[in-house]
Amino acid sequence: MKVLVALLKPLSFLPAILMMLLIYSFSAQPGEVSGNLSYKISYQIVETKNEILGTNKSYDELAVEAESIHYYVRKAAHMTEYCILAIAISFPLYVYRVRGIWLILLAGIICVGFAGMDEYHQSFVGGRGPSVKDVGIDSIGALIGIILVQAFCWSTLHNPVGKQKKKRKRTKKQK
């Protein structure tokens, strides 16, 4: 069993690698394609809001509103991608017993480093360009993901109620 776990443990990084490939593929899209994709999402958001609230806005009014949130939708997508990447990196590191400040530093360096390389990659894609601001936004998303993993792991592994139950079970077995 231990041999199987030792063989499968490195595969815990597979979700992080797949997320990196997904981010890379989004970055490889020309500016117009990427912009159209996020604009469609922006339009869908305002259209759904229009239907729920029953405001009966025209296509042109929805288009103007979609354009007004387009930038924020793009940046939220950046943060979400890197939050998911940080989670996909942090869990395996936690499995390898990287915890606390070392987890924050190592996962953070990997995510921010990848964000920087991704922005550099965009400098070679038509209609796209590198942006230090995007690396900062990506870093915020990564930090959120790392903190979520830290909080989740700490709360599940260091749960005082769970420890009390384990102590009770041990004492019952000893009797």
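Going along each chain's sequence as written, the residues are numbered from 1 onward. Note on the predicted model: pLDDT of at least 70 is required for a residue's local features to be given, and 80 or more for side-chain atom pairs to be given and counted; whole-chain, interface and lining totals, by contrast, use all residues. Note that water and hydrogens are dropped before the side-chain values are worked out from all heavy atoms of the structure.

Asks: Residue-level account of the overall build of the chain, with values.
Replies: Counting secondary structure elements, the chain contains 7 helices and 0 strands. Counting from the amino terminus, the chain carries its helices and strands in the arrangement α-α-α-α-α-α-α. C-alpha atoms define the radius of gyration, and 2.2 Å times the number of residues to the power 0.38 defines the globule rule. Its C-alpha radius of gyration of 22 Å places the chain more than 25% over the 16 Å reference for a compact globule of 175 residues. For the chain, buried positions account for 32% of its 175 residues. Strands are runs of DSSP state E lasting at least two residues, helices are runs of H or I lasting at least four, and both sets are numbered from the N terminus onward. Categorising residues by exposure relies on relative accessible area from a 1.4 Å probe, with only protein chains included: less than 20% of the type maximum marks a residue as buried, more than 50% marks it as exposed, and the intermediate range marks it as partly exposed.

Asks: Give a description of the packing of aromatic side chains that names residues and reports values.
Replies: Stacked, tilted and edge-to-face pairs are distinguished by plane angle, under 30 degrees for stacked and over 60 for edge-to-face with tilted covering the rest, among Phe, Tyr and Trp rings (Trp via its six-membered ring) whose centres lie within 6.5 Å. Enumeration according to the criterion identifies 7 aromatic pairs in this entry. Ring geometry for Tyr 39 versus Tyr 43: centroids 6.4 Å apart, planes at 35°, classification tilted. Of this pair, Tyr 39 and Tyr 43 both sit in helix α3 (residues 31-53), 4 residues apart, which is roughly one turn of that helix. What makes Tyr 39 partly exposed here is its relative accessible area of 23%. Seen in terms of ring centroids, Tyr 71 and Tyr 72 are 5.4 Å apart; in terms of plane orientation they differ by 85°. Their pairing is edge-to-face. Members of the aromatic cluster, each reached through a chain of ring pairs, are Tyr 39, Tyr 43 and Tyr 59. Placement of a positive charge over a ring is assigned whenever Lys NZ or Arg CZ falls within 6 Å of the ring centre and within 35 degrees of the normal to the ring plane. Above the ring of Tyr 94, the side-chain terminus of Arg 99 is found at 3.9 Å from the ring centroid.

Asks: Quick rundown of the state of the cysteines? Include the residues and the values.
Replies: Here a disulfide denotes one covalent bond, and it connects the sulfur atoms of two cysteines. Count a disulfide wherever a pair of cysteine sulfur atoms falls within 2.5 Å. Inspection of every chain in the model, using the stated rule, returns 0 disulfides. Cys 111 forms no disulfide, and the closest cysteine sulfur to it belongs to Cys 83, at a distance of 9.4 Å. With no disulfide of its own, Cys 153 has Cys 83 as its nearest cysteine by sulfur position, at a separation of 14 Å.

Asks: Outline the packing of helix α4 (residues 59-95) against helix α6 (residues 132-157), supporting the account with residue identities and numerical values.
Replies: Packing of α4 against α6 leaves a shortest axis separation of 7 Å and a crossing angle of 40°. In terms of their interaxial angle, α4 and α6 are classed as oblique. Crossing hand, α4 versus α6: right-handed. Residues are grouped as follows: Ala, Val, Leu, Ile, Met, Phe, Trp, Tyr, Cys and Pro are nonpolar; Asp, Glu, Lys and Arg are charged; every other residue, Gly included, is polar. When its residues are assigned to classes, the contact of α4 with α6 shows 19 nonpolar, 5 polar and 4 charged. Helix axes are fitted only over the stretch in contact, all axes being lines through C-alpha atoms; the angle between N-to-C directions runs from 0 to 180 degrees. Orientation labels follow simple angle bins: below 35 degrees gives roughly parallel, above 145 gives roughly antiparallel, 65 to 115 gives roughly perpendicular, and whatever is left gives oblique. Left-handed describes a crossing in which the near helix is turned anticlockwise from the far one by less than a right angle; the clockwise case is right-handed.

Asks: A description of the packing of helix α5 (residues 100-122) against α6 should follow, citing residues and the corresponding values.
Replies: Geometrically, a packed helix pair is captured by the angle between its two axes and the distance between the axes. Running from amino to carboxyl end, α5 crosses α6 at an angle of 150°, the nearest separation of the two axes being 9 Å. Judged by the angle between their axes, α5 and α6 are roughly antiparallel. Note that α5 runs across α6; the crossing there is right-handed. Taken together, the residues of α6 that come into contact with α5 (itself represented by Gly 100, Leu 103, Ile 104, Ala 107, Gly 108, Cys 111, Val 112, Ala 115, Gly 116 and Glu 119) are Asp 134, Val 135, Asp 138, Ser 139, Ala 142, Ile 146 and Gln 150. Whether two residues are in contact is decided by their heavy atoms, any of which lying within 4.5 Å being enough.

Asks: Describe the pattern of salt bridges, listing the residues and the values that go with them.
Replies: Each salt bridge in this description consists of a side-chain nitrogen of Lys or Arg and a carboxyl oxygen of Asp or Glu lying within 4 Å of one another. Under the defined criterion, the tally for this structure stands at 3 salt bridges. Close ionic contact of Asp 134 with Lys 75 constitutes a salt bridge, the shortest N to O distance being 2.6 Å. Residue Asp 134 is located in helix α6, and its partner Lys 75 is located in helix α4; the two are separated by 59 residues in the primary sequence. In this pair, the class of Asp 134 matches that of Lys 75, namely buried.

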